[in-house]
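Structure at a glance
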Amino acid sequence: MINIYTTLRQFSHLGGSRMKLAAIWLMHVLHRRYLGVFVDPILACNYRCRMCYFSNPDERAKRRGRMTKEQIEHVAQSVFKRSLKLQIGCGAEPSLDMEGSLHLIRLGKQYGVPYIAMTSNAVLLTYNRLYELAKAGLNELTISLHGIHRETYQNLMGTTSDYDAFLEVLQSIRKVKETFPSLDIRVNYTMNKDNVDELVDFDTLFADVPINQLQLRPVRRIGESNYQDFDLSHVSECLDTIVRPLAERCRKKGIMVLFPEQINIERFAGKEGVDFRENLIPLFTYINISPRSYALHDIHFETETYEQYSNRVHIGRRLFRGIFASQQTCAKEEQSVVNSLNYDIR
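The structure displayed is predicted, hence computed values, not measured ones.

Here is what the cut-offs are and how they apply
Residues numbered from 1 in each chain as written. Predicted model: local features only at pLDDT ≥ 70, side-chain atom pairs only at ≥ 80, totals over all residues. Heavy atoms only, no water. Axes fitted to C-alpha atoms, helices over the stretch in contact; angles between N-to-C directions. Helix = DSSP H or I, 4+ residues; strand = E, 2+ residues; numbered from the N terminus. Parallel < 35°, antiparallel > 145°, perpendicular 65-115°, else oblique. Left-handed = near helix turned anticlockwise from the far one by under 90°. Contact = heavy atoms within 4.5 Å. Nonpolar A, V, L, I, M, F, W, Y, C, P; charged D, E, K, R; others polar. Pairing = 2+ DSSP bridges. pLDDT = per-residue confidence, 0-100. Salt bridge = Lys/Arg side-chain N within 4 Å of Asp/Glu carboxyl O. Buried < 20%, exposed > 50% of the residue type's maximum accessible area, 1.4 Å probe, protein only. Core = buried A, V, L, I, M, F, W, Y, C linked by side-chain atoms within 4.5 Å. Expected span 1.5 Å × (residues − 1).

What follows deals with the packing of helix α2 (residues 16-29) against helix α14 (residues 315-323). Axis separation between α2 and α14 bottoms out at 8 Å; the angle between their running directions is 160°. With respect to α14, the element α2 is oriented roughly antiparallel. In the crossing of α2 with α14, the sense of the turn from one axis to the other is left-handed. Residues Arg 18, Leu 21, Ala 22, Ile 24, Trp 25 and His 28 of α2 form the contact with α14, whose own contacting residues are Ile 315, Gly 316, Leu 319, Phe 320, Gly 322 and Ile 323. For the contact of α2 with α14, the residue count by class is 8 nonpolar, 3 polar and 1 charged.

The next thing to look at is the environment of Phe 166. Here Phe 166 lies in helix α8 (residues 163-179). A sequence separation of 13 residues divides Phe 166 from Tyr 153, and the C-alpha atoms of the two residues are 9.8 Å apart. Non-local contacts of Phe 166, meaning those with residues more than four positions away in its chain, are made with Asn 121, Val 123, Ile 143, Leu 145, Tyr 153, Leu 205 and Phe 206.

Moving on to the sheet that holds strand β2 (residues 83-88). Read across the open sheet, the 8 strands follow the order β7-β6-β5-β4-β3-β2-β1-β8; overall the sheet is parallel. Since the sheet does not close on itself, it has two edges, and those belong to β7 (256-258) and β8 (286-289), each with one partner. The average angle at which neighbouring strand axes cross in this sheet is 20°, direction not considered. Where strand β6 (residues 213-218) meets β7, 3 bridges bridge the pair, whose relative direction is parallel. The residue bridging Leu 214 from the neighbouring strand is Val 257, located in β7.

Here the focus is the confidence of the model for the chain. For the chain, per-residue confidence averages 88 on the pLDDT scale, and 87% of positions sit at 70 or higher. Counting contacts from residues 4-8, a segment whose pLDDT is below 50, to residues more than four positions away or on other chains yields 10 contacts. Every residue in residues 337-346 is under pLDDT 50, and counting partners more than four places away or in other chains gives 28 contacts.

According to the stated counting rule, one finds 18 salt bridges in the structure shown. Where Glu 178 meets Arg 174, a salt bridge forms, and the shortest distance between an N and an O atom there is 3.6 Å. In this pair, Glu 178 and Arg 174 both sit in helix α8, 4 residues apart, roughly one turn of the helix. Arg 174 sits in the partly exposed class, given a relative accessible area of 26%. For Asp 298, the salt bridge is made with Arg 312, and the minimal N-O distance between the two is 3.5 Å. Of this pair, Asp 298 sits in the loop between β8 and α13 (306-313) while Arg 312 is found in helix α13, placing the two residues 14 residues apart along the sequence. Residue Arg 312 is classed as partly exposed on the basis of its relative accessible area, which comes to 34%. What you see here is one network of salt bridges that share partners, running through Glu 59, Lys 62 and Arg 63.

Before going further, it helps to examine the nonpolar core. Core analysis: the largest hydrophobic core is formed by 102 residues, its most contacted members being Phe 80, Phe 166 and Phe 206. A per-element tally of this core places helix α10 (residues 233-252) first, with 8 residues. Those residues in contact with Phe 80 that lie beyond four places of it in its chain are Arg 33, Val 37, Val 75, Leu 86, Leu 104, Leu 107, Gly 108, Tyr 111 and Val 113.

Glancing now at α8. For α8, spanning 17 residues, the distance from its first C-alpha to its last is 25 Å, which sits close to the expected 24 Å at 1.5 Å a residue. Buried within α8 we find Tyr 163, Ala 165, Phe 166, Val 169, Leu 170, Ser 172, Ile 173, Val 176 and Lys 177. Buried residues in α8 make contact with α6 (127-136), β4 (140-145), α7 (150-156), β5 (184-191) and α9 (202-205).

Here it is in structure tokens:
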């Protein structure tokens, strides 16, 4: 029997991304779980967040549809046995299809997926809905948030946003956590020059809401959105004065805070490059599925397992080749994977 740790030591001389690819290759050949499966059961949103493509009518018109119960079951049968994480809600609002979302969670538990998460703006998640999600086996709820103060919230989260409904949801979360304390609550705050300063009041808004993680992410261009100011200069300036003090206050309360260091913001803004092999990692580990992309995937969800698919397209061989590949070879592989799998990368 192959010892995973002994084998990984054989690759210990490799650096960074090569080592990661070696680990993924080994997990693949040992038939371990390493896939992140990202599913949008419905392509729609009740909000028109200005930093999101749903704020653009033309972009919004392209994103429509709902996965059927049968399609969800085919996906589960095909890839859930190799899934390390199931993420529900990636580029749309999953609470608009509670039936589909609950079905995904229950199937994830049935197939032994270790971690099941949902991302939502949360305003449609009443106490009863939150209770049902937690009872079905949801491990983590991520709340998308773009403003602490009412005016900023309603400005950046669009004309359909409802700050009062959001406040009600926070109290529902507090009550549900009393019954399901293991349900992780993460807040995903997208920072831009217009909302980063008011993070000083984050503690006040969430004073009695038991959250587990706060993720602070720099704004980025997502399709053709209404918001067009992607200058991160002010965000960078606030790292020492606002972000790090907030992180320290959260740490004392037992809240994990994820935020970018200066160098990562510069890289994110395109000022620094990254190892070209890093681009291969999400291509081979993330599978994004939506009503629009379901039929376009090269994986035949209705008729083949992930093992059958990976044998057919030689995933193991291509992963191993990627460990030692040149930049040119990686670029060709990246293009071939994008074309064949229709993965939505970053």
